[in-house]
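Notes for the structure review
Single-letter residue listing:
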Amino acid sequence: MSQIITLSEFIMQRQKDFPYATGELTSLLNDISIASKIVNRDVNRAGLVDILGAKGEKNIQGEDQQKLDVIADEAFINAFLSGGEVCGIASEENDDFVAFDNEQSKNGKYVVLFDPLDGSSNIDVNVSIGTIFSIYRRKSPVGGLATKEDMLQKGTEQVAAGYVIFGSSTMLVYSTGKGVNGFTLDPSIGEFCLSHPNIKMPETGRMYSMNEGNLDRCDPGLKDYVQYCREDDPATKRPYSGRYIGSLVADFHRNLLKGGIYIYPTTDNWKEGRLRLLYECNPLAFIAEQAGGLATDGHQRILEIEPKELHQRCGYFVGSKQMVEKAMSCLKDKVEA
Ligand code: AHM
Ligand code: MG
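Keep in mind that what you see is a predicted model, and the values were worked out from it rather than measured.

1. As for the sheet that holds strand 4 (residues 129-137)
Hydrogen bonding along the main chain pairs the strands of a sheet, whether they run parallel or antiparallel. The strand order across the open sheet built from 8 strands is 2-1-3-4-5-6-7-8, with neighbouring strands paired in mixed fashion. For this open sheet the edge positions go to strand 2 (98-99) and strand 8 (191-196), each flanked by a neighbour on one side alone. Pairing geometry for strand 1 (residues 86-91) and strand 3 (residues 110-118), over 5 bridges, is parallel. Looking at strand 3, one finds that alanine 90 is bridged to leucine 113. Along the sheet face, helix 8 (residues 277-290) touches strand 1, strand 3, strand 4, strand 5 (160-166) and strand 6 (170-175) and points at about 80° away from the line of strand 4.

What follows is the structure, encoded as structure tokens:
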């Protein structure tokens, strides 16, 4: 039997990659792993116990019910509060960022931006969902409260990013800027185990993922790209396969492993795009680039977009490098035509 490497062991080994590391990032990644296991437990129980109701409803014991995305948000916040490495967070669930005001957290060096449970409209139909996270070093002085400036950093400043997919198995995939590694949760021992070392995204692929219902509301250049995807590839005599789960982490994860492109463009009804720059686009762009892929808004590299507000949205093209480049060239050709 080959040797099992758990996520905690792996994170400890990798600390050596950072010569001046104090161990705080290591502890923070461990907090994320613990919170992920808690969320995993609740996601798995979702069909069995009364935790699926809308927030504000009562459960069978007469207690207030919470939606799973709120439960996930709290699980991560509690893990960061007890870890003490994080001075504040921003999440898709909260209107404003949260600055932790206890002494230990005020001395934390990091902020975390996250989407606690993306694709949550898929929960009650048993489709894969995910958590997405992004870690930055704070800009404000250590010892004080976190500020909005700590949160509004460009994606290039990310220290680490990753996601957890709650699918047919649960996986945690992350990068600290030195490649991408994936860990599968072994429920029998309750540990994430290294299952996908050094993930590389194929340079090209045969799958495209977008909500084609929106096609008539998009940039006309995108119609050309989708038409290109639907035409027979001279090599295989087949068109690309359309694969859209409608759950970003699941679509991204498949494309990361098999090659493909995920597109959520700006549309007539989502004029700024649908996905959030800070909680969804930046962390997955970091992972994509670390694996050799590409992420843009159709024109510009995602990681270089200067964020102006917490819940900012943007168009999103992410996946295999050659496929994203081809889609971008279709947009450009239409503008120039
Ligand atoms: P959410 O953050 O409200 O869950 O929305 C994000 C989700 C993505 O997971 C998914 O890819 C996309 O929205 C689906 O949108 P649509 O239903 O418009 O195709
Ligand atoms: Mg989301």
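So, next bit.
2. Looking at the side chain of serine 134
Mapped onto the elements of the fold, serine 134 is located in strand 4. Serine 134 gets classed as buried once you look at its relative accessible area, which sits at 0%. A polar contact is formed between the side chain of serine 134 and the side chain of glutamine 158, at a distance of 2.5 Å. The contact partners of serine 134, leaving out residues within four places of it in the chain, are Val111, Val112, Leu113, Gln158, Ala160, Ala161, Leu278 and Pro283.

3. Quick word on helix 6 (residues 220-230)
When helix 6 is considered as a whole, its buried residues turn out to be Gly221, Leu222, Tyr225, Val226 and Cys229. The buried residues of helix 6 occupy one face: seen down the axis, they fall within an arc of 140°. Capping the start of helix 6, aspartate 219 holds a side-chain oxygen 2.9 Å from the backbone nitrogen of glycine 221, two or three residues further along.

4. Points about the pattern of salt bridges
Applying the stated criterion across every chain yields a total of 12 salt bridges. Residue glutamate 191 is joined to lysine 37 by a salt bridge in which the shortest nitrogen-to-oxygen separation is 3.8 Å. Of this pair, glutamate 191 sits in strand 8 while lysine 37 is found in helix 2 (residues 24-45), placing the two residues 154 residues apart along the sequence. The class of glutamate 191 is partly exposed, set by a relative accessible area of 26%. For lysine 37, a relative accessible area of 25% puts it in the partly exposed group. Ionic pairing is found between aspartate 216 and lysine 223, a salt bridge with its closest N-O pair at 3.0 Å. When its relative accessible area of 64% is taken as the criterion, aspartate 216 is described as exposed. By relative accessible area, which is 38% here, lysine 223 ends up partly exposed. Here the salt bridges do not stand alone but share partners, grouping Arg41, Asp42 and Arg45 into one network.

5. Here we look at the coordination of the magnesium ion (ligand 2)
Six octahedral donors around a metal ideally subtend angles of 90 or 180 degrees, whereas four tetrahedral donors ideally subtend 109.5 degrees. Surrounding the magnesium ion (ligand 2) are the protein donor atoms Glu92 (OE), Asp115 (OD), Asp118 (OD) and Glu280 (OE), which sit 1.9 to 2.5 Å from the metal. Mapped onto the sequence, the donors of the magnesium ion (ligand 2) take the spacing E-x22-D-x2-D-x161-E. One end of the pair, glutamate 92, is in the loop between strand 1 and strand 2; the other, aspartate 118, is in strand 3, with 26 residues separating them in the sequence. Residue aspartate 118 is classed as buried on the basis of its relative accessible area, which comes to 7%.

6. Concerning the layout of surface pockets
Counted as a void, the largest pocket has a volume near 410 Å³. As for the largest pocket, its lining consists of 23 residues, and the residues nearest its centre are Asp118, Gly119, Arg274, Leu275 and Glu280. Breaking the lining of the largest pocket down by element, the ones donating at least two residues are strand 3, strand 11 (261-264) and strand 12 (275-276). With 3 residues, strand 3 is the single largest residue contributor to the lining of the largest pocket. Each residue belonging to the lining of the largest pocket can be placed in one class, and the counts come to 7 nonpolar, 7 polar and 9 charged. There are two domains that each give the lining of the largest pocket at least three residues, and those are domain 1 (7-196) and domain 2 (207-336). Taken together, 20 residues line the second largest pocket, and the ones lying closest to its centre are Val43, Asn44, Asn126, Phe166 and Gly167. For the lining of the second largest pocket, the leading source of residues is helix 2, giving 3 residues.

7. Digging into the site of ligand 1
Around ligand 1, the surrounding shell holds 15 residues, and the nearest of these are Asp118, Tyr244, Leu248, Tyr262 and Tyr264. Here an oxygen atom of ligand 1 sits 2.7 Å away from a polar atom, N or O, in the main chain of leucine 248. Between ligand 1 and the protein, one listed contact pairs an oxygen atom with a side-chain N or O atom of arginine 274 at 3.2 Å. A majority-of-atoms criterion places ligand 1 in the largest pocket. Among the elements of the structure, strand 3 and strand 11 are those that each provide at least two residues to the shell around ligand 1. When the residues that make up the shell around ligand 1 are grouped by side-chain class, the tally is 5 nonpolar, 5 polar and 5 charged.

8. Focus on the packing of aromatic side chains
Scanning all chains against the criterion turns up 9 aromatic pairs. Ring-pair connections join several aromatic residues into one group, and the members of that group are Phe10, Tyr174 and Phe183. One residue, lysine 326, lies across the ring of tyrosine 228, its end atom 4.5 Å from the ring centre.

9. Overview of the domain arrangement of the protein chain
Once the domains are mapped, the protein chain shows domain 1 (7-196) and domain 2 (207-336). Of note, the centres of domain 1 and domain 2, computed from C-alpha atoms alone, are 25 Å apart. Listed by partner, the interface residues are 46 residues for domain 1 and 31 residues for domain 2. Buried area between domain 1 and domain 2, summed over both chains or domains, comes out near 2700 Å², and the portion from carbon and sulfur atoms is 67%. Across the contact surface, domain 1 and domain 2 share 0 salt bridges. The set of elements that each furnish at least two residues to the side of domain 1 that touches domain 2 consists of strand 1, strand 3, strand 4, helix 5 (148-151), strand 5 and strand 6.

Rules behind the numbers
Residues numbered from 1 in each chain as written. Chains lettered and ligands numbered in written order. Predicted model: local features only at pLDDT ≥ 70, side-chain atom pairs only at ≥ 80, totals over all residues. Heavy atoms only, no water. Pairing = 2+ DSSP bridges. Helix = DSSP H or I, 4+ residues; strand = E, 2+ residues; numbered from the N terminus. Contact = heavy atoms within 4.5 Å. Axes fitted to C-alpha atoms, helices over the stretch in contact; angles between N-to-C directions. Buried < 20%, exposed > 50% of the residue type's maximum accessible area, 1.4 Å probe, protein only. Polar contact = N/O pair within 3.5 Å; in protein donor to acceptor, adjacent residues only side chain to side chain. Arc of directions from axis to C-beta. Salt bridge = Lys/Arg side-chain N within 4 Å of Asp/Glu carboxyl O. Donors = N, O, S within 2.8 Å, 3.2 Å for Na, K, Ca; no water. 1 Å grid on protein atoms, 1.4 Å probe; cavity = no way out; pocket = protein on both sides within 12 Å on 5 of 7 lines; lining within 4 Å. Points joined across faces, edges and corners; volume = space filled by probe spheres on them. Nonpolar A, V, L, I, M, F, W, Y, C, P; charged D, E, K, R; others polar. Domains from an automatic or database assignment. Near = heavy atom within 4 Å. Sits in = over half its atoms within 2 Å of the grid points. Phe/Tyr/Trp six-rings, centres within 6.5 Å; stacked < 30°, edge-to-face > 60°. Lys NZ or Arg CZ within 6 Å of the ring centre and 35° of its normal. Buried area = accessible area lost by both parts, 1.4 Å probe.

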